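Descriptive analysis of the structure
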Amino acid sequence: MNFLRTAVDGNVNCDLVVVGSGFFGLTIAERCARELGLKVLVIDRRDHIGGNAFSEEEPTTGIETHRYGAHLFHTSVERVWEYANRFTDFTDYQHRVYTTVRGEVYPMPINLGTINQFFRAAYSPDEARALIQEQAGELAGTDPQNLNDKGIQLIGRPLYEAFIKGYTAKQWQTDPKDLPAGIVSRLPVRYTYDNRYFSDTYEGLPVDGYTAWHERMADHPNIEVRLSTDFFDTSQPVNKAAVVGQVPVVYTGPVDKYFDYAEGELRWRTLDFDQEVLDVGDFQGTPVMNYGDEDVPYTRIHEFRHFHPERDYPTDRTVVVREYSRFAERGDEPYYPINTEADRQALLRYRAQGNAEKGVIFGGRLGTYKYLDMHMAIGAALSTYDNALPDILR
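Keep in mind that this is a model prediction, so the values were computed, not measured.

Close contact between helix α1 (residues 23–36) and helix α7 (residues 210–218) brings their axes to 8 Å; oriented N to C, the two are set at 30°. Of the possible angle classes, the one that applies to α1 and α7 is roughly parallel. Along its contact with α1, which presents Phe23, Leu26, Thr27 and Glu30, the element α7 presents Tyr210, Trp213, His214, Met217 and Ala218.

What follows is about the nonpolar core. Ile28, Val40, Phe73, Phe163 and Trp213 are the most contacted members of the largest nonpolar core, which totals 101 residues. It is α1 that provides the largest number of residues to this core, a total of seven residues. Setting aside its immediate chain neighbours within four residues, Trp213 contacts Phe23, Phe73, Ala84, Phe87, Thr88, Phe90, Pro206 and Ile378. Met289, Tyr291, Val296 and Tyr298 belong to the second largest nonpolar core, which has seven residues in total.

Between its first and last C-alpha atoms α1 spans 19 Å; for 14 residues at 1.5 Å apiece the expected length is 20 Å, and the two agree. With 11 of 14 residues buried, α1 is to be regarded as a mostly interior element. Among all positions of α1, only Phe23, Phe24, Gly25, Leu26, Thr27, Ile28, Ala29, Glu30, Arg31, Cys32 and Ala33 are buried.

Now for the sheet that holds strand β16 (residues 336–337). Within the open sheet, the seven strands sit side by side as β8-β7-β13-β14-β15-β12-β16. Their pairing is mixed. The sheet is open, and its two edges are formed by β8 (104–108) and β16, each paired on a single side. Two strands pair when backbone bridges link them, and strand β12 (residues 268–278) and β16 are joined in this way by two bridges, in the antiparallel orientation. Residue pairing across strands places Arg269 opposite Tyr336, the latter belonging to β16.

Cut-offs and rules
Residues numbered from 1 in each chain as written. Predicted model: local features only at pLDDT ≥ 70, side-chain atom pairs only at ≥ 80, totals over all residues. Heavy atoms only, no water. Axes fitted to C-alpha atoms, helices over the stretch in contact; angles between N-to-C directions. Helix = DSSP H or I, 4+ residues; strand = E, 2+ residues; numbered from the N terminus. Parallel < 35°, antiparallel > 145°, perpendicular 65-115°, else oblique. Contact = heavy atoms within 4.5 Å. Core = buried A, V, L, I, M, F, W, Y, C linked by side-chain atoms within 4.5 Å. Buried < 20%, exposed > 50% of the residue type's maximum accessible area, 1.4 Å probe, protein only. Expected span 1.5 Å × (residues − 1). Pairing = 2+ DSSP bridges.

Here it is, written out as structure tokens:
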């Protein structure tokens, strides 16, 4: 596997250029190299592969951390699961989340345990369902125009205001009364004590970590990876002006940046992370603790030792990361598309331009302006390899 930290001089000598080394880009590169025998050049502006799923050891503790927020692998798609298992084994980790609200800890998502704890009751499933239906009836028959009223209509005011309202306000930096109702189509409530966060058939974490998984995907003699290489930097040879039209390209960067923001900037939310090493063996007893109260500035705290209890981590130190959400500005890492009507209209115009761009496929979260979990990115890449890629390789 050839990893170059900076671009090198000389002509681009390959059959396919992949811009971005996240799961979408690496899946395309691996399939083309292994199945088609193509020489694939992968470039990434960052100094590491793996996109936002990149993981690394905290140097003083050896605890594996996820630089861009916790990444939990789960899928019900057999093909995606089979493909992922070619490169990594998985632990039997099952994600469970808790939330602190008004000084008390509850299981999430909202389930029968949450309901009984919150209402200090011992409701049966049918009794709990009837209670929530009664409380949601406050706005029954209305057509809510904002997220606040929609949340009340879905699960009732008490649960909504305790577990959704403050957390949503922090995520969006906006009062839910000023957010459109369309942001939330459903708020799942489980009338059992099942507190697994995901309900997919398969779930787990890569035994050796995400970076080892990414490196195995790129470990093929036909794949070259150049890091710290910006596709829009004309001082290095693998740039947009020199490559497009000469070599087929799979582009997974921001679609609006590709077209120099000609149709306006697509808006995103971003995350800030505050990492701290603490001199305690266990800070919160769980991998992720949400904070629903609006006066707590962060949305959640990750404690990464709990993602891998099977590992021999230090017993006297731990790593915690506080996560903050805000609107992204140009230069920030984009995480979640805001997807307003104006964004959707601009995206349609960018898609039209993309369809006219010969020899280029736009993919991944940034290239399609869609939030994609890891399994979704892999699945989309496999579909692209099957259906769209042959058209640009002819």
